[in-house]
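# Per-entry structural report
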Amino acid sequence: MSNFRQREILELARKEGKVTVDGLAEIYNVTVQTIRRDLSELADSGRLERVHGGAVIPSGVVNIVYDERRRLNEDGKRAIASRCAQAIPHGASVFMNIGTSTEAVARELLDHDNLLVVTNNLNIANILASNQSCEIILTGGVLRRADGGMVGGLTAEMVRQFKFDFSVLGCSAIDADGDLLDFDGQEVLVSRTAIGRSRTVMVVADHLKFQRKAPLTICSLKDVNILFTDMPLRNGLSGDCAGWGTEVVTA
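Before going into details, it helps to say that this report is about the structure given with it. Treat the numbers as computed from the prediction; the structure is a model and nothing was measured. (Residues numbered from 1 in each chain as written. Predicted model: local features only at pLDDT ≥ 70, side-chain atom pairs only at ≥ 80, totals over all residues. Heavy atoms only, no water.)

### Quick word on the sheet that holds strand β5 (residues 116–119)
If you trace the seven strands from one edge of the open sheet to the other, you get β6-β5-β4-β9-β12-β14-β15, paired in parallel fashion. Strand pairing shows two members of the sheet lacking a second neighbour, β6 (135–138) and β15 (247–250), which therefore form its edges. Pairwise comparison of adjacent strand axes, ignoring direction, gives a mean angle of 20 degrees for this sheet. In terms of strand pairing, strand β9 (residues 164–169) meets strand β12 (residues 198–204) through five bridges, oriented parallel. Pairing of Phe166 across the sheet is with Thr200, part of β12. (Pairing = 2+ DSSP bridges. Helix = DSSP H or I, 4+ residues; strand = E, 2+ residues; numbered from the N terminus. Axes fitted to C-alpha atoms, helices over the stretch in contact; angles between N-to-C directions.)

### Quick word on unusual backbone geometry
Unlike most non-glycine residues, Asn29 shows phi in positive territory, near 55 degrees. By the element assignment, Asn29 lies in the loop between α2 (21–28) and α3 (32–44). Even without glycine at this site, Asn114 takes up a positive phi of about 55 degrees. Tracing the sequence through the fold places Asn114 in the loop between α6 (100–108) and β5. According to the relative accessible area criterion, Asn114 is exposed, its value standing at 53%. (Buried < 20%, exposed > 50% of the residue type's maximum accessible area, 1.4 Å probe, protein only.)

### Here's the deal with the side chain of Thr155
Position of Thr155 relative to the elements: it lies in helix α8 (residues 153–159). Not counting chain neighbours up to four residues away, the residues in contact with Thr155 comprise Asn120, Thr139, Gly140, Gly141, Val142, Met150 and Val190. (Contact = heavy atoms within 4.5 Å.)

### Quick look at the nonpolar core
In this structure, Phe95, Leu180 and Leu221 are the most contacted members of the largest nonpolar core, which totals 26 residues. At the level of secondary structure, the elements contributing two or more residues to this core comprise α8, β9, α9 (185–196), β12, β13 (216–220) and α10 (235–244). For this core, the element with the highest residue contribution is α9, accounting for four residues. Excluding residues that lie within four positions of it along the chain, Phe95 makes contacts with Val118, Thr119, Asn120, Val159, Phe164, Phe166, Ser167, Val168, Leu169, Val190 and Ala194. By size, the runner-up hydrophobic cluster in this structure holds 25 residues, among which are Ile80, Met96, Val105 and Leu115. (Core = buried A, V, L, I, M, F, W, Y, C linked by side-chain atoms within 4.5 Å.)

### What about the pattern of salt bridges?
Side chains that differ in charge, positive against negative, can pair when their charged atoms come close. In the structure shown here, the tally under the stated rule is seven salt bridges. Across the salt bridge formed by Asp184 and Arg144, the nearest N and O atoms sit 2.8 Å from each other. Note that Asp184 is positioned in the loop between β11 (179–182) and α9 and Arg144 in strand β7 (residues 142–144), a separation of 40 residues in sequence. The shortest N-O distance in the salt bridge between Glu187 and Arg144 comes to 2.9 Å. Here Glu187, found in helix α9, pairs with Arg144, found in strand β7; they are 43 residues apart in sequence, far enough to count as distant. (Salt bridge = Lys/Arg side-chain N within 4 Å of Asp/Glu carboxyl O.)

### What about the environment of Pro215?
Relative to the helices and strands, Pro215 is located in the loop between β12 and β13. Among the residues examined, Pro215 registers a relative accessible area of 46% and is labelled partly exposed. Note: C-alpha distance between Pro215 and Ser167 (48 residues apart in sequence) is 23 Å.

### Concerning the packing of aromatic side chains
According to the stated counting rule, one finds two aromatic pairs in the structure shown. Measuring from ring centre to ring centre gives 5.6 Å for Phe95 and Phe164, while their planes differ by 45 degrees; the resulting arrangement is tilted. Highlighted residues: Phe95 in strand β4 (residues 93–96) and Phe164 in strand β9, separated in sequence by 69 residues. Of the two residues examined, Phe95 and Phe164, each falls in the buried class. Relative to Phe164, the ring of Phe162 lies with its centre 5.6 Å away and its plane at 15 degrees, an arrangement referred to as stacked. (Phe/Tyr/Trp six-rings, centres within 6.5 Å; stacked < 30°, edge-to-face > 60°.)

### Details of the packing of helix α5 (residues 74–86) against α6
Between α5 and α6, whose axes approach to 8 Å, the crossing angle comes to 55 degrees. When the axes of α5 and α6 are compared, the pair comes out oblique. Like other packed secondary-structure pairs, α5 and α6 cross with a definite hand, here right-handed. Here α5 contributes Lys77, Arg78, Ala81, Ser82, Cys84 and Ala85 to the contact with α6, which in turn contributes Thr100, Ser101, Ala104, Val105 and Glu108. Looking at the contact of α5 with α6 residue by residue, the class counts come to five nonpolar, three polar and three charged. (Parallel < 35°, antiparallel > 145°, perpendicular 65-115°, else oblique. Left-handed = near helix turned anticlockwise from the far one by under 90°. Nonpolar A, V, L, I, M, F, W, Y, C, P; charged D, E, K, R; others polar.)

### Considering α6
Here α6 lies mainly inside the structure; seven of its nine residues are buried. All of the buried residues in α6 are Thr100, Ser101, Thr102, Glu103, Ala104, Val105 and Ala106.

Laid out in structure tokens, this is it:
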């Protein structure tokens, strides 16, 4: 029964990004001590990371594998993607980088007319291929097989040839001071290049990104025009964004 419950707890954590002791105790009608033991065993095996009052999908210096990232907070990403797509007009030129959140935006752009989309994400190219009026340019670069991303200097050099109306960027984490973080230095290079070649920089990041960590800095939210997320920011960061002139859209 314990193993069965732990499998369900892990699946719920993958879907929601986190689980709480009190919530799980109510769901399974067991004591909080039983749930704490389950979470400790899942944490000892590396499948969850304990936090105050519950547990989250682990993060650190290695990113969560793509299939698990894709399943995290799917409803939140879909809502964010819808709001982001609404802000992109027909006929725009757009750069989109690697990530499950940017892939969600691509799905919301299937009804947009006459877009030019440059991407280093094979998944985005495949998603938008069914939009017959969308011109898709896939960058060169080194293929990262784990998630279909193209990265490296060659990718950045191709991105540098364009001037985009919009860039739609995902990241692995957002720090308390507003820094956007990632795990792969080659991917960071591409994202920084796109920021410098875009009239409007959009970031799509659900609330779980504010609970995670990654070692490399892409930029600060002060370098971003619009942040799309699914929950209100903490007061300090919300105030910082207001001072920087960074618009925050909560889906």
